[in-house]
Amino acid sequence: MIAIFKKDFSSYFTSTLGYIVIALYVLFSGYFFWSMCLVSSRNELVNVISNMSYVIFFLVPLITMKSFAEEKKQKTDQVLLTAPVKNWEIVCGKYLSAVALYFICNLIYFVYAMVLSICAKGVSIPWGQFMAAFLGTFLLGASLLAVNLFYSSLTEYQIIAAVVGLGTGLIVMLYDSILGALQNFIQTLTGSQTRYDFIVLDEISLTGHYSNLIKGVVSPADIIFYLSFIALFLFLTGRVLNKRRFE
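Structural notes, computed from the coordinates. Please read all numbers here as calculations on a predicted model, not as lab measurements.

**So, the overall build of the protein**
Moving on, step 1. Within the protein one finds 13 helices and zero strands.
Moving on, step 2. Sequence-ordered secondary structure for the protein, helices as α and strands as β, is α-α-α-α-α-α-α-α-α-α-α-α-α.
Moving on, step 3. When burial is assessed residue by residue, the protein has 45% of its 247 residues classed as buried.
Moving on, step 4. Here the contacts in the protein between residues at least 6 apart in sequence split such that 77% fall between residues at least 24 apart.
Moving on, step 5. For the protein, the accessible surface area stands at approximately 12,500 Å², while carbon and sulfur atoms represent 70% of it.

This is the structure:
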């Protein structure tokens, strides 16, 4: 697993992909930081992190699109699948390399916190809420990475993995709005003003759990949800590899 992690992580920087992802992350987050914090000399770091979630939905597919798709296209996946390593080691090695790159991107928020502390006199950083927001952003991105890694294992075309990932990001971003529209549709259809609670659908909302962490509320339930979500898609990715191994 360590060898796979090192190989995949270094591949981000032997190509331009790693630099592009970091540059885009810093570019967008830097713009939000400048417009929301430096211009007004106010502590809006949590809002900067919150706004970056919209960028994350579309940036994450770039990180994982080549993870398995490139191996399959270049026919090097057969070497990997016949190597004396277990499926979970392959999946975890590739996943952790993607998470490591994403984590590096998120470290920029600590730089912004230091800049804000120095440049904006009298501004204090609410570290508790800041760390909760940081954790929420990390878990949200890690969950999307697991989903997109699964997509990459299904195809040999990076562009298909990226496009499907982008579509998933759009659905996740609009998930709560879609549920709201569904509620209105049911009310119109039944002619009733009764609001219907989609308890199960609400509970599987990635953005719903994310909003709790952004508010500074660190609940074990939210963390367990994200970890379970990640485990599910890593398991599915492992099943795809297992099927290909015995084809």
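**Quick notes on the nonpolar core**
Moving on, step 1. One finds Y25, Y95 and Y109 to be the most contacted residues of the largest nonpolar core, which totals 64 residues.
Moving on, step 2. A per-element tally of this core places helix α8 (residues 127-154) first, with 13 residues.
Moving on, step 3. Sequence-distant contacts of Y109, that is, excluding residues within four places in its chain, are made with Y25, S29, V48, I49, M52, F130 and F134.

**Examining the side chain of T64**
Moving on, step 1. Its place among the elements puts T64 in helix α3 (residues 45-64).
Moving on, step 2. By relative accessible area, T64 is classed as buried at 1%.
Moving on, step 3. Apart from residues lying up to four places away in sequence, T64 is in contact with A98, L145, N148, L149 and S152.

**As for the packing of helix α2 (residues 17-38) against helix α7 (residues 108-119)**
Moving on, step 1. Interaxial distance between α2 and α7 falls to 11 Å at its minimum, and their mutual angle equals 25°. Considering the angle they form, α2 stands roughly parallel to α7. Relative to α7, α2 is oriented so that their crossing is right-handed. Contact residues: α2 offers Y25, V26, S29, G30, F33, C37 and L38, while α7 offers I108, Y109, Y112, V115 and L116.

**Things to note about the packing of α3 against helix α6 (residues 87-106)**
The axes of two packed helices give the description: the angle between them and the distance between them.
Moving on, step 1. As a packed pair, α3 and α6 sit with axes 10 Å apart at the nearest point and diverge in direction by 135°. With respect to α6, the element α3 is oriented oblique. Crossing handedness for the pair α3 and α6: right-handed. Contacts from I56, I63 and T64 in α3 reach A98, L101 and Y102 in α6.
Moving on, step 2. Of the residues in the contact of α3 with α6, the class split is five nonpolar, one polar and no charged.

Conventions and cut-offs
- Residues numbered from 1 in each chain as written.
- Predicted model: local features only at pLDDT ≥ 70, side-chain atom pairs only at ≥ 80, totals over all residues.
- Heavy atoms only, no water.
- Helix = DSSP H or I, 4+ residues; strand = E, 2+ residues; numbered from the N terminus.
- Buried < 20%, exposed > 50% of the residue type's maximum accessible area, 1.4 Å probe, protein only.
- Contact = heavy atoms within 4.5 Å.
- Areas by Shrake-Rupley, 256 points an atom, 1.4 Å probe, with all protein chains shown as cover.
- Core = buried A, V, L, I, M, F, W, Y, C linked by side-chain atoms within 4.5 Å.
- Axes fitted to C-alpha atoms, helices over the stretch in contact; angles between N-to-C directions.
- Parallel < 35°, antiparallel > 145°, perpendicular 65-115°, else oblique.
- Left-handed = near helix turned anticlockwise from the far one by under 90°.
- Nonpolar A, V, L, I, M, F, W, Y, C, P; charged D, E, K, R; others polar.

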